[in-house]
Structure formats: C-alpha cells, structure tokens
Amino acid sequence: MSENNKQNLVYFESTSMRGLYESMREWQEGAGKRLLSISIERDGDNFCAIALTNPTEVVITSADGHNHASVNRFGLLAVDSQ
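Residues numbered from 1 in each chain as written. Predicted model: local features only at pLDDT ≥ 70, side-chain atom pairs only at ≥ 80, totals over all residues. Heavy atoms only, no water.

Student: Honestly, the overall build of the protein in this entry has me stumped. Any pointers?
Tutor: What the protein contains, in helices and strands, is one helix and five strands. Listed by position from the N terminus, the elements making up the protein come as β-α-β-β-β-β. Across the 82 residues that make up the protein, the buried fraction comes to 17%. Considering only contacts within the protein whose residues lie at least 6 apart along the sequence, 39% involve residues at least 24 apart. (Helix = DSSP H or I, 4+ residues; strand = E, 2+ residues; numbered from the N terminus. Buried < 20%, exposed > 50% of the residue type's maximum accessible area, 1.4 Å probe, protein only. Contact = heavy atoms within 4.5 Å.)

Below is the structure:
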C-alpha cells in the first residue's frame, strides 16, 4: 500500500470470528498499519468488519479554514494565511 494513500477504510469478512481476527491480524502485519476503529457485524453466515486505519495525512487548519499549518524545510511548523 502506498504511503501517500489517503484511503483509510478497510473491509474484512470470514465465516468465523477466529478467521476474521486472523485476516485482520495478517492485514495489519502486511500493511504495517494500525486500525483506528472497528465495527463487526453478522451478515448471513459471515462475520464482517469495517475498519478505519490511522490516516497517513493530517491537515491542521483554523476553524474557519483560512489558515493552514505547514512544515518548512528546517522542520519548523509555520502557519500560512490564504
């Protein structure tokens, strides 16, 4: 999975809760990401999970959306006005 991926929704499905756990654990190990939240439901005979991963991109902005924070080339956090 690309480090620049802005998608953070993942779907898992298995016929058993243990199988669901194993597929989610394997995904975490393979993707190298943590799951932020998980919702598990039954769908017929299957256990299904919709999970959110930690986002790889966070935008810091003022409440009105006019000012954005950015990191300059020296690693310092600055606020840019639009």
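Student: Can you walk me through the pattern of salt bridges in this structure?
Tutor: Should their charged atoms come close, side chains of opposite charge can pair. Under the definition given, this model contains two salt bridges. Notably, a salt bridge pairs Glu22 with Arg25, separated by 2.5 Å at the nearest N-O pair. Of this pair, Glu22 and Arg25 both sit in helix α1 (residues 17–31), separated by three residues, roughly a single helical turn. The partner of Arg25 in a salt bridge is Glu29, and the shortest N-O contact between them spans 2.9 Å. (Salt bridge = Lys/Arg side-chain N within 4 Å of Asp/Glu carboxyl O.)

Student: Honestly, the nonpolar core in this entry has me stumped. Any pointers?
Tutor: A general tendency of soluble globular proteins is for nonpolar side chains to be buried together. Grouped together as the largest cluster of nonpolar side chains are nine residues: Val10, Phe12, Leu20, Met24, Trp27, Leu35, Phe47, Ala49 and Ala51. Only β1 (9–14), α1 and β3 (46–53) provide two or more residues apiece to this core. Leave out the neighbours within four places in its chain, and Leu20 touches Phe12, Glu13, Ser14, Ile40, Phe47, Cys48 and Ala49. (Core = buried A, V, L, I, M, F, W, Y, C linked by side-chain atoms within 4.5 Å.)

Student: How should I be thinking about the side chain of Thr53 in this particular structure?
Tutor: Tracing the chain through its elements places Thr53 in strand β3. On the accessibility criterion, Thr53 (3% relative accessible area) is buried. Not counting residues up to four positions away in its chain, the partners in contact with Thr53 are Gln7, Asn8, Val10, Trp27, Arg34, Leu35 and Leu36.

Student: Would you mind going over a nonpolar patch on the surface with me for this structure?
Tutor: A cluster of nonpolar residues, Leu9, Tyr11, Leu36, Ile50 and Leu52, forms a patch on the protein surface that exposes about 500 Å² of accessible area. Tracing the backbone shows Leu36 in strand β2 (residues 35–43). (Patch = residues over 30% accessible without salt bridge, like charges linked within 9 Å, V, L, I, M, F, W, Y side chains within 5 Å. Areas by Shrake-Rupley, 256 points an atom, 1.4 Å probe, with all protein chains shown as cover.)

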